Amino acid sequence: MAGRINDDDVKAVRDAVPIDSVVSEYLQLRSAGGGNLKGLCPFHDEKSPSFQVSPGKGLFHCFGCQEGGDTIAFVMKIDHLSFSETVERLAAKAGITLRYEEGGYNPSHQRGERIRLIEAHQAAADFYVRALESPEAEIGRKFLAERGFDQDAATHFRVGYSPAGWDHLTRYLRGKGFSDKELITSGLSQDGRRGPIDRFRGRLMWPISDTAGEIVGFGARKLRDDDNGPKYLNTPETPIYKKSQVLYGIDLAKKDIAKASRAVVVEGYTDVMACHLAGVTTAIATCGTAFGNDHIKILRRLLMDNGSARVIFTFDGDSAGQKAALRAFEDDQKFAAETYIAIAPDGMDPCDLRLAKGDDAVRDLVEPRTPLFEFALRQIVGRYDLETPAGRAAALDEAAAVVAKIKTSSVQREVAVQLAGFVGILDQEFVVRRVAQLARWARDKGGDGRGDPRGGRGPGGPQDRRGGTPQQPVQTPAAPSGPALNLRSPAHRTERELLKLALQKPALVSPAFDAYGADEFTAPPYAAVRQCIAEAGGAERGLGDNREYLVAVMDAAPNNTVRSLVTELAVEVFMGRTIDETYAGMQLVHVRLRAVDRRINEVQGSLARLGSNVAPDNLAAAQNEVWVLQQYAQSLRAKGADAL
């Protein structure tokens with residue numbers, strides 16, 4: 001098997017790729033103060049940002065689900081890669097050539113599965129782009145031209161063509177060193193009578209990229225009447241392609257989505273192209289599946305919660321738009337409240353609209369818009385005869401059940417009032433009460449479905465920091481035994497501040513901190529972190545390369561719980577306004593003074609319990625220890641840090 005990656009090369013990769021630039025490929029980040037950045041966590045669903053990134057330390061930590069670590073840990077978790085695969089990907093991004101301690105340089109056939117599949121798709125995309133220039137592909141070029149797309153547009157979106165033969169791409173990729181197994185696994189080839197054959201043949205090809213910009217699949221459009229396949233054929237589910245988790249055009253649109261706090265959801269690949277070429281560069285599309293909860297999560301991480309985020313659907317005015325509206329209520333009412341629908345004149349999609357009326361018409365399409373919940377309710381109400389009492393009652397029953405699913409009471413009431421107007425019921429309070437009644441019934445039947453309000457911690461076993469196969473996800477170990485952390489406790493609060501200083505600003509507490517024992521920290525989780533610092537070489541090690549020091553501390557963690565606490569303390573802001581030697585000295589003194597006072601109480605308590613049963617020598621030793629500790633305590637109170 002491949003050798004382990006050289007330690008110096010791992011460090012070089014970690015230092016060369018800024019964590020904020022990597023994280024920004026997956027979610028929008030904004031200032032959190034103190035040099036940190038914040039965003040919506042990609043590892044659990046949340047409405048307000050608790051995910052923080054510290055560029056200076058090269059760490060991330062989510063205060064909601066407790067996930068944390070460095071750049072390598074982030075990529076490993078979000079893209080489900082092994083340690084070696086992650087380092088190889090980041091090394092390629094940074095232009096670093098890796099060395100392997102056993103077996104020399106890593107041959108291509110030993111690279112991780114995900115990286116190999118990504119490389120196969122990249123090679124396939126290049127092949128398809130070149131094939132679009134062939135005489136056979138004239139039908140594809142004509143298709144694009146008839147829809148207003150020239151060669152520059154095809155190049156920008158990397159549109160290609162799959163030759164009509166049985167195995168043109170398969171033979172090409174074999175020549176590039178890809179095995180038949182890899183070609184089948186990737187979805188680029190499929191089993192034939194005499195071996196693998198091309199999955200896509202004689203079609204126009206659109207590459208589908210993930211949020212990081214890596215090609216993970218293709219969408220293929222039928223061009224010929226003798227093609228008996230579906231109009232659009234997408235890559236099947238593979239280890240790197242899950243249609244419910246990808247959005248076509250997200251790699252091109254993500255920066256503008258984050259900048260404008262707006263996303264436009266269209267129905268097809270040509271619609272995305274038309275929107276972008278018309279200046280609506282926030283357009284994206286689903287890939288052969290309905291817009292669902294996973295798509296919502298992708299957009300929420302880019303839009304974040306800033307009160308002005310908008311998602312605009314340009315689906316048609318019939319069933320597709322209505323279903324999208326109802327799904328938005330089902331999946332995320334907060335998302336639904338920020339969502340609108342725009343219907344083009346005559347039901348034209350953006351591609352047809354651009355052809356018929358030009359770029360301005362496409363830009364204008366997404367400006368006058370209807371709230372999605374209003375559209376959905378009007379669609380429901382419109383199916384009934386509102387001129388009759390029975391029709392109004394039936395319309396109210398169906399629509400009220402949708403409104404009752406809104407969990408925020410104020411929003412629920414506001415929409416219920418609007419529903420009364422849609423149905424034509426003058427007594428608004430009657431409708432409000434009806435909706436509230438349906439909501440109560442749903443809760444009583446257990447329809448809330450929110451689960452554990454504390455949220456869950458994602459799985460993740462200890463990672464191999466040198467390479468090799470990662471461990472399978474394991475259940476997160478329980479926190480160290482002992483009293484729960486309580487930041488109202490002066491002792492816990494001070495211990496936490498001191499550990500934050502030791503991790504973030506070791507120069508302010510070194511060398512005094514390294515003389516502190518783990519038993520001086522009353523909270524077992526804090527004692528565990530203190531032990532990790534000791535095993536990593538102490539706070540004094542942090543006087544050099546702070547990132548390397550933090551990595552060493554995390555490596556020393558006995559389990560994921562302690563490791564998570566390390567990253568949390570390494571990125572959390574301090575309680576004090578001015579963080580200097582005086583502030584650090586106060587924390588050092590308070591922790592030590594409490595430890596001394598505890599020891600005095602322990603010795604005196606033991607003497608009191610034993611009474612006259614104490615041997616004279618033991619009594620004298622204990623009394624002497626108490627006297628020495630009392631003198632030390634007086635000195636700490638009088639001189640502060642100078643007495644340490």
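Focus: the state of the cysteines
Here comes step 1: Under the definition given, this model contains zero disulfides.
Here comes step 2: Free cysteine Cys41: the closest other cysteine sulfur is in Cys62, separated by 3.6 Å.

A closer look at the sheet that holds strand 15 (residues 339–341)
Here comes step 1: Ordered by their spatial adjacency, five strands build an open sheet running 13-12-14-15-16, and the pairing between neighbours is mixed. Every other strand in the sheet has two partners, leaving strand 13 (283–285) and strand 16 (370–371) as the edge strands with one partner each.
Here comes step 2: Bridge analysis of strand 12 (residues 262–266) against strand 13 gives three bridges, and the strand direction is parallel. Along strand 13, the bridge assignment pairs Val264 with Ala283.
Here comes step 3: Its contacts with the sheet put helix 12 (residues 293–303) on strand 12 and strand 14 (310–313), and the angle it makes with strand 12 is roughly 155 degrees.

Structural notes on the pattern of salt bridges
Here comes step 1: Tallying each qualifying case throughout the model produces 34 salt bridges.
Here comes step 2: Glu374 serves as the salt-bridge partner of Arg378, at 3.1 Å between the closest nitrogen and oxygen. One end of the pair, Arg378, and the other, Glu374, are both in helix 17 (residues 372–381), four residues apart, so they sit about a helical turn from each other.
Here comes step 3: What emerges from the salt-bridge pattern is a single network uniting Asp79, Arg89, Arg114, Asp210 and Glu214.

Some details on the pairing of strand 3 (residues 51–54)
Here comes step 1: A two-sided burial pattern is seen for strand 3, the buried positions comprising Phe51 and Val53 on one face and Gln52 and Ser54 on the other.
Here comes step 2: One ladder, built from three bridges, connects strand 2 (residues 36–39) with strand 3; its direction is antiparallel. From the neighbouring strand, Leu37 faces strand 3, where its bridge partner is Val53.
Here comes step 3: Sheet topology note: the strand 3/strand 4 (residues 59–62) ladder contains four bridges and is antiparallel. Within strand 4, the position partnered with Gln52 by the bridge is His61.
Here comes step 4: Hairpin remark: strand 3 followed by strand 4, antiparallel, with four residues in the connecting loop; positive phi at Gly58, about 70 degrees.

Description of the packing of aromatic side chains
Centre distance and the angle of the planes are the two values used to describe a pair of aromatic rings.
Here comes step 1: One pass over the structure, following the stated rule, counts 16 aromatic pairs.
Here comes step 2: Both rings, one in Tyr26 and one in Phe74, keep their centres 5.7 Å apart while their planes meet at 70 degrees; by these two values the pair is edge-to-face. Note that Tyr26 is positioned in the loop between helix 2 (19–23) and strand 1 (30–33) and Phe74 in helix 3 (residues 71–79), a separation of 48 residues in sequence. Grouping residues by exposure puts Tyr26 and Phe74 together as buried.

So, the environment of Gly219
Here comes step 1: Relative to the helices and strands, Gly219 resides in strand 10 (residues 215–222).
Here comes step 2: Distance in space between the C-alpha atoms of Gly219 and Pro207 is 6.5 Å, their sequence separation being twelve residues.
Here comes step 3: Setting aside residues no more than four positions away along its own chain, Gly219 makes contact with Leu204, Met205, Trp206, Ile208, Leu233, Asn234 and Tyr269.

Here we look at the nonpolar core
Here comes step 1: By size, the foremost hydrophobic cluster in this structure holds 45 residues, and its most contacted members are Leu144, Val159, Leu204, Trp206, Tyr248 and Met273.
Here comes step 2: It is helix 11 (residues 269–277) that provides the largest number of residues to this core, a total of five residues.
Here comes step 3: Those residues in contact with Met273 that lie beyond four places of it in its chain are Phe149, Ala153, Phe157, Val159, Trp206 and Tyr248.
Here comes step 4: Among the nonpolar cores identified, the runner-up in size contains 38 residues, and Leu503, Phe521, Val553 and Val566 belong to it.

Quick notes on helix 4 (residues 83–94)
Here comes step 1: In this model helix 4 runs 16 Å from its N-terminal to its C-terminal C-alpha over twelve residues, within 8% of the 16 Å that 1.5 Å per residue would give.
Here comes step 2: Most of helix 4 is tucked away: nine of the twelve residues are buried.
Here comes step 3: Taken as a whole, helix 4 has its buried residues at Phe83, Ser84, Glu85, Thr86, Val87, Glu88, Arg89, Leu90 and Ala91.
Here comes step 4: The inward-facing, buried residues of helix 4 abut helix 1 (7–16), helix 2, helix 3 and helix 5 (113–131).

Reading the values: the criteria
- Residues numbered from 1 in each chain as written.
- Predicted model: local features only at pLDDT ≥ 70, side-chain atom pairs only at ≥ 80, totals over all residues.
- Heavy atoms only, no water.
- Disulfide = S-S within 2.5 Å.
- Pairing = 2+ DSSP bridges.
- Helix = DSSP H or I, 4+ residues; strand = E, 2+ residues; numbered from the N terminus.
- Contact = heavy atoms within 4.5 Å.
- Axes fitted to C-alpha atoms, helices over the stretch in contact; angles between N-to-C directions.
- Salt bridge = Lys/Arg side-chain N within 4 Å of Asp/Glu carboxyl O.
- Buried < 20%, exposed > 50% of the residue type's maximum accessible area, 1.4 Å probe, protein only.
- Phe/Tyr/Trp six-rings, centres within 6.5 Å; stacked < 30°, edge-to-face > 60°.
- Core = buried A, V, L, I, M, F, W, Y, C linked by side-chain atoms within 4.5 Å.
- Expected span 1.5 Å × (residues − 1).

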